[in-house]
Amino acid sequence: MHFFEIVGGNRLKGAIPISGAKNSALPIMAASILMDGETILHNVPDLADVRQLQILLSRLGVKAHRDEEGALHLRVEDEMNVHAEYELVSKMRASVCVMGPLLAKRKRAQVSMPGGCAIGSRPIDLHIHGLETLGADFELANGDVLLRAKKLTGTDIFLGGAFGSSVTATANVLMAATLATGRTVIGSAACEPEITDLGEFLNKCGARITGHGTPQITIDGVERLEGKEHHVIPDRIEAGTHMIAAAITNGDVELTGARIDHLQAVVDRLRRVGVIVERDEKGIAVSSSRRLEPIEATTQPYPGFPTDLQAQLMTLLCLADGNSVITEKVFPDRFLHVGELNRMGARLRKEGPTVIIEGVKRLIGAQVMASDLRASAALILAGLVGKGTTRVHRAYHIDRGYERIEEKLSAVGANIRRLDE
Ligand code: UD1
């Protein structure tokens with residue numbers, strides 16, 4: 001097992017290239033199940049989650065390989081298997097994205113029910129509700145979700161839940177509806193840029209989708225879809241994480257390829273903290289040289305502040321000049337980083353879904369444990385600025401979602417190494 005060792009205190013300066021979006025690549029890869037012919041995807045990041053989905057897709061008869069330029073080629077070779085097993089789904093929750101495509105194309109899907117995870121219980125009732133409304137029969141057997149439908153029929157589907165819209169439920173229903181008979185209208189659809197990207201890809205392949213990127217998506221079913229070439233959008237969460245890395249080290253960093261239009265809420269919060277964020281020709285320039293102001297922030301579905309950057313923002317606010325408040329409205333239990341940051345000298349107090357952050361003058365290096373992907377990123381950020389040495393154990397969490405993070409950070413001046421336990 002690997003860990004990261006970081007010696008804090010270096011100012012980051014230079015350019016960090018932003019990779020393709022994990023959360024866009026995963027559902028688009030799953031959509032290859034729907035296609036006749038070959039799908040070619042550019043800008044798919046080389047991440048543990050992507051490799052994990054490749055393994056699942058290969059079991060489902062989808063052959064995948066990278067060419068010399070790094071493009072991912074996917075082609076369905078065998079449609080017999082429709083079972084996404086526990087062993088794979090339990091490792092990566094996004095595996096659930098194969099459910100809609102399997103049902104639509106192969107008329108059956110058997111997907112192990114994902115359990116809870118480090119960020120709380122994560123139900124899939126909205127996925128099932130959407131697919132049942134399209135005409136699927138649903139049954140739960142031995143911990144597997146079984147869905148069957150001779151035919152899917154377009155209809156109106158409301159996909160709002162207790163915590164708002166669901167990204168992967170929207171993806172699943174959207175993908176299934178592309179091959180349904182007639183018109184489907186999804187209400188309270190997720191508006192995340194990754195859903196827009198999925199819709200764009202599906203339309204290239206022959207789907208008839210409008211309204212993707214808004215809360216109401218309309219899908220007119222088609223007979224068949226043909227695999228096409230597509231460039232995955234840049235990863236706004238990776239970009240946001242490195243924006244905070246620049247800010248917390250009083251650095252001056254350009255995030256090449258990042259899209260500021262996908263990061264409005266993040267830019268707004270960072271500017272209020274006192275960070276300088278500008279769009280430039282290559283992406284986004286971030287610098288900081290002044291004291292950090294305390295702020296309030298609430299995570300919400302897009303276009304609100306993303307839950308996937310909550311932990312990282314918290315690390316930054318640890319060093320603000322006063323008390324900040326963060327409220328988590330998407331995953332109210334997503335606070336495993338709080339205890340670890342406190343071990344580094346932070347003063348954080350959790351009150352239900354809210355954390356009160358008393359700004360401190362400095363963080364202090366320590367041994368800390370990564371618990372989930374974004375919490376791990378928050379600990380690395382703390383390590384970049386913490387006095388002395390920080391060791392972030394369980395590096396595999398980071399590898400699920402950040403491509404070569406230690407190389408990218410070292411290239412702009414961070415003192416970070418990956419070591420064996
Ligand atoms: C996706 C992202 C993840 C991000 C999350 C929220 C991918 C692969 N992952 O996860 O990085 O943190 O969006 O932006 O894109 N919910 C239900 N019932 C359901 C589904 C969800 O109640 O059937 C709830 C969840 O518990 C949560 C909220 O809805 O409180 C939003 O979750 P959702 O958007 O579904 O997250 P994911 O799609 O799993």
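Residues numbered from 1 in each chain as written. Predicted model: local features only at pLDDT ≥ 70, side-chain atom pairs only at ≥ 80, totals over all residues. Heavy atoms only, no water.

The next thing to look at is the domain arrangement of the chain. Taken domain by domain, the chain holds domain 1 (2-19 + 234-420) and domain 2 (22-231). Computed over C-alpha atoms only, the centres of domain 1 and domain 2 are separated by 30 Å. Taken together, the contact between domain 1 and domain 2 spans 24 residues of the former and 18 residues of the latter. The contact between domain 1 and domain 2 buries some 1800 Å² in all, and 56% of this surface belongs to carbon and sulfur atoms. Interface area lost by domain 1 to domain 2 is led by Y302, F331 and R400, which between them contribute 30%. (Domains from an automatic or database assignment. Contact = heavy atoms within 4.5 Å. Buried area = accessible area lost by both parts, 1.4 Å probe.)

Attention shifts here to the site of the ligand. For the ligand, the set of nearby residues contains 20 residues, the closest of which are L126, S166, T168, D308 and V330. N23 is positioned with one of its side-chain polar atoms (N or O) 3.0 Å from an oxygen atom of the ligand. Note that an oxygen atom of the ligand is positioned 2.7 Å from one of the backbone N or O atoms of V167. Counting only elements with at least two residues in the shell around the ligand, the list comes to α5 (125-133) and α6 (167-177). Looking at the shell around the ligand element by element, the count peaks at three residues for α5. When grouped by side-chain class, the residues that make up the shell around the ligand number eight nonpolar, seven polar and five charged. Each of two domains, domain 1 (2-19 + 234-420) and domain 2 (22-231), supplies a minimum of three residues to the shell around the ligand. (Near = heavy atom within 4 Å. Polar contact = N/O pair within 3.5 Å; in protein donor to acceptor, adjacent residues only side chain to side chain. Helix = DSSP H or I, 4+ residues; strand = E, 2+ residues; numbered from the N terminus. Nonpolar A, V, L, I, M, F, W, Y, C, P; charged D, E, K, R; others polar.)

Here we come to the sheet that holds strand β2 (residues 13-17). Here we have four strands laid out as an open sheet, ordered β2-β17-β19-β18, and mixed in their pairing. In the strand order of this sheet, the two ends are held by β2 and β18 (276-280), each with one partner. Between one strand and the next, the sheet's axes are offset by a mean angle of 20°, whatever the strand orientation. As paired elements, strand β17 (residues 252-256) and strand β19 (residues 283-287) share five bridges and run antiparallel to each other. Bridging from a neighbouring strand, L255 pairs with I284 of β19. Relative to β17, helix α8 (residues 236-248) is tilted by about 170°, and along the sheet it contacts β2, β17, β18 and β19. (Pairing = 2+ DSSP bridges. Axes fitted to C-alpha atoms, helices over the stretch in contact; angles between N-to-C directions.)

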